[in-house]
Every structure is written in structure tokens, then in C-alpha cells.
Amino acid sequence: KAKRTSSNKRQEQHKLPYRIGILISKSVDEELSDPYFLSIRQGVENECNALGINSIDIYRTTNVQANQLSEELDGLIVIGAIDKEAINQLANKISHIIFIDHSPDETKYDSVVIDFNTSTTVAVRHLLHVGYNRIGYIGGRQFDNTDKITSNTFVDDRQLVFTKRMKEANLFNDRWMFIGDFSISDGYRLMKQAIDQGDWPEAFFIASDPMAVGSLRALQEANIKVPEDVAIVSFDDVEMAQYASCPLTTIRVYTELMGRTSIKLFVERMKGRDIPLKVTVPTKLVIRESCGAKRINRK
């Protein structure tokens, strides 16, 4: 008992007396259906627990206005994209704001991002290297899903980079671009749309694993085999990717690390750092069955 009491005292001494807010640009249902954002938030919370920061307030842009955030917040972690008007409202209220998966102004705010240009380029070049030229895109729109703070929509960086790379290779076809929401159900709907349209491509870059899982279901219903009839490279490498009906080749994003890094940046700010930092977390191409590379290499 004495040892346990001593340990508890040491933990009390190491607690940081900060109050953190987490503002999520997704509804509860959206976050649960897209493990990408859930994993980021869990990374934030895990690092807070590791550092002894116990005061964490959770907000969502779907049900809160900037003036409803607590006056006692020392810092705010914003997960996802919000527009400039909302950012200005927040900046007038809170001194330290750290953005994850969005960097609105790197001269003012700390941010933790991934390099969508590099990661999307790697995905496209992999499909080209395997031998595909007719490549389509299935993706979603970035938005913060609210009219409380903002209702603006953002064109997703993966879509922009995919379009640029395919145009550079003189292989871009606008008929093979399918845009909806980042969800399993829209992945299913958009792939059915591609199939019903006819003249569908021989490969797809799909901007999230949940969308890819929905797409696999649509292909399965149409008796279209992956990767024999159509290849897929997706994005995120959430847990479901390796257990999909055809294990997904995907871009691994270290989401939990992104969340943890935001808290480290916040603590540095509280200790006096004035210069904003933009941290870019690397990604990695994970090759499984869906792209066809393993099948080709076995020949």
C-alpha cells in the first residue's frame, strides 16, 4: 500500500494543469464510420493521459458555436478543416490553436499534417508502374458539416493531386471521377454508378479505406473480381483494410501519432515557444492483394 501511495503522489506531481479542448469537424456518426478521424482523436487523448492532462473538453462543429467554447481553455486542438471565418472566431477566444489534418496558416498556427501531394503521387505511380493506364478516382469532399460555425466545402487534396498527376501523364478522364461523401455507403454507391455507366476503368484510386470497402461490395455484387478485373489502391490503412474481402493496398497514415504530436506542440507553446511549427507526418504505401502487384510478381 505504501508503494502504491508513493506512486500516486509522483503521478500527481507530474500532472500538467492544462485544460484542452478538442474541436472535431465530424458528427459522432461520421467519426464512427471513418476510423481515420477517430484514431486521431484517440491519439490526442492518449497523449493527454500520458502527460497527466486530465481536463479535456470535446466539441463538434455540428452542435457548437465558437462563443460556446469554455473560457477556461488553455488550448484547442482542431481535427479536420474549418473555414477562415470560424478560425478567426476561435482565435479571438483562444490563444493556442493546433490544427490536425489542416493547415490554414502556417505563419500563425501550429499544425500536424500529412503530405497529400507525395502520398497521392505514390499511389498513382504505383498503379501506373503495375501497368494500369485507365485509372479512375472515387473520393469525398472535405467539409465541417455544420451551419453553426461554417458550412463551407473544401475540394480534397487527393482529388486535386490525382487530377494533376493523371493530366501530366495524358491519362486523365473526367468520366472516371466519382465524388460523394467519405463513407462506406457512398463508396458502394459511387462504384455502382461507375459500373452502371459502363466503360469503367481498369483500376481505381479510392481516397479512403471505408469507401474502398463499400466499393468492394458493389464490385462483388456485379461479379467483378479484384484485382483480376479491376485493381484498387486506397488511403488510410485503418484496421479494416487488411481484413477486407480483398485485402487493400493502401497508403498508411499514422493517425494516432498525428494526434499525439498535436499535444506535444501545445505543451511547447505553453512553455513559451512563439514560432509556429508545421509538422508533416510521413506516410507509407502498404502493398496487399487489391492492386494486383503481388499476382503479377508471382508470375
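Bear in mind the structure is a predicted one, so any value in this text is a computation, not a measurement.

1. Some details on the packing of aromatic side chains
And step 1. Applying the stated rule across the entire model yields 8 aromatic pairs.
And step 2. When the centroid spacing of 5.1 Å and the interplanar angle of 80 degrees are considered together, the rings of Tyr 36 and Phe 37 count as edge-to-face.
And step 3. For Tyr 36, a relative accessible area of 4% puts it in the buried group.
And step 4. Accessibility expressed as a relative area gives 4% for Phe 37, which makes it buried.
And step 5. Relative to Phe 205, the ring of Phe 162 lies with its centre 6.4 Å away and its plane at 20 degrees, an arrangement referred to as stacked. Placement of the pair is Phe 162 in helix H6 (residues 157-168) and Phe 205 in strand S10 (residues 203-206), with a sequence separation of 43 residues. As far as the burial class goes, Phe 162 and Phe 205 line up, both buried.
And step 6. What links up through ring pairs into an aromatic cluster is the set Phe 116, Tyr 137, Phe 162, Phe 205 and Phe 235.
And step 7. Above the face of the Phe 235 ring, Arg 158 is positioned so that its terminal group lies 4.8 Å from the ring centre.
And step 8. Directly above the aromatic system of Phe 172 lies the positively charged group of Lys 167, at a separation of 5.2 Å from the ring centroid.

2. Considering the confidence of the model for the protein
For any part of a model where pLDDT is low, the fine detail of the predicted coordinates should not be relied upon.
And step 1. The share of residues in the protein with pLDDT of 70 or more is 90%, and the mean pLDDT across the chain is 90.
And step 2. Between residues 144-151, whose pLDDT stays under 50, and residues either more than four places distant or in other chains, the model counts 29 contacts.

3. A few points about the sheet that holds strand S5 (residues 110-114)
And step 1. Taken in spatial order, the 6 strands make up an open sheet running S2-S1-S3-S4-S5-S13, and their pairing is parallel. The open sheet is flanked by strand S2 (55-60) and strand S13 (278-281), the only strands paired with a single partner. Strand after strand, the sheet turns through a mean of 15 degrees between neighbouring axes, direction not considered.
And step 2. Direction of pairing for strand S1 (residues 19-24) relative to S2: parallel, over a ladder of 6 bridges. Along S2, the bridge assignment pairs Ile 24 with Arg 60.
And step 3. The sheet contacts of helix H4 (residues 84-91) involve S1, strand S3 (75-79) and strand S4 (96-100), and relative to S4 the element is tilted by about 145 degrees.

4. Brief notes about the nonpolar core
And step 1. The biggest cluster of nonpolar side chains holds 65 residues, and the ones touching the most others in it are Met 191 and Met 258.
And step 2. Once residues lying within four places of it in the same chain are set aside, the contact partners of Met 258 are Tyr 36, Ile 40, Ile 100, Asp 101, Val 112, Val 113, Ile 114, Val 253 and Val 281.
And step 3. In terms of nonpolar packing, the next biggest core, distinct from the first, is built from 16 residues, Leu 23, Tyr 59, Leu 90 and Ile 94 among them.

5. Description of the packing of helix H5 (residues 116-130) against H6
And step 1. The interhelical angle for the contact between H5 and H6, taken along N-to-C directions, is 50 degrees, at an axis separation of 9 Å. The angle between H5 and H6 places the two elements in the oblique class. Between H5 and H6 lies a crossing of right-handed hand. Contacts between H5 and H6 involve Phe 116, Asn 117, Thr 120, Thr 121 and Val 124 from the former and Asp 157, Arg 158, Val 161, Phe 162, Arg 165 and Met 166 from the latter.

What counts and how
Residues numbered from 1 in each chain as written. Predicted model: local features only at pLDDT ≥ 70, side-chain atom pairs only at ≥ 80, totals over all residues. Heavy atoms only, no water. Phe/Tyr/Trp six-rings, centres within 6.5 Å; stacked < 30°, edge-to-face > 60°. Buried < 20%, exposed > 50% of the residue type's maximum accessible area, 1.4 Å probe, protein only. Helix = DSSP H or I, 4+ residues; strand = E, 2+ residues; numbered from the N terminus. Lys NZ or Arg CZ within 6 Å of the ring centre and 35° of its normal. pLDDT = per-residue confidence, 0-100. Contact = heavy atoms within 4.5 Å. Pairing = 2+ DSSP bridges. Axes fitted to C-alpha atoms, helices over the stretch in contact; angles between N-to-C directions. Core = buried A, V, L, I, M, F, W, Y, C linked by side-chain atoms within 4.5 Å. Parallel < 35°, antiparallel > 145°, perpendicular 65-115°, else oblique. Left-handed = near helix turned anticlockwise from the far one by under 90°.

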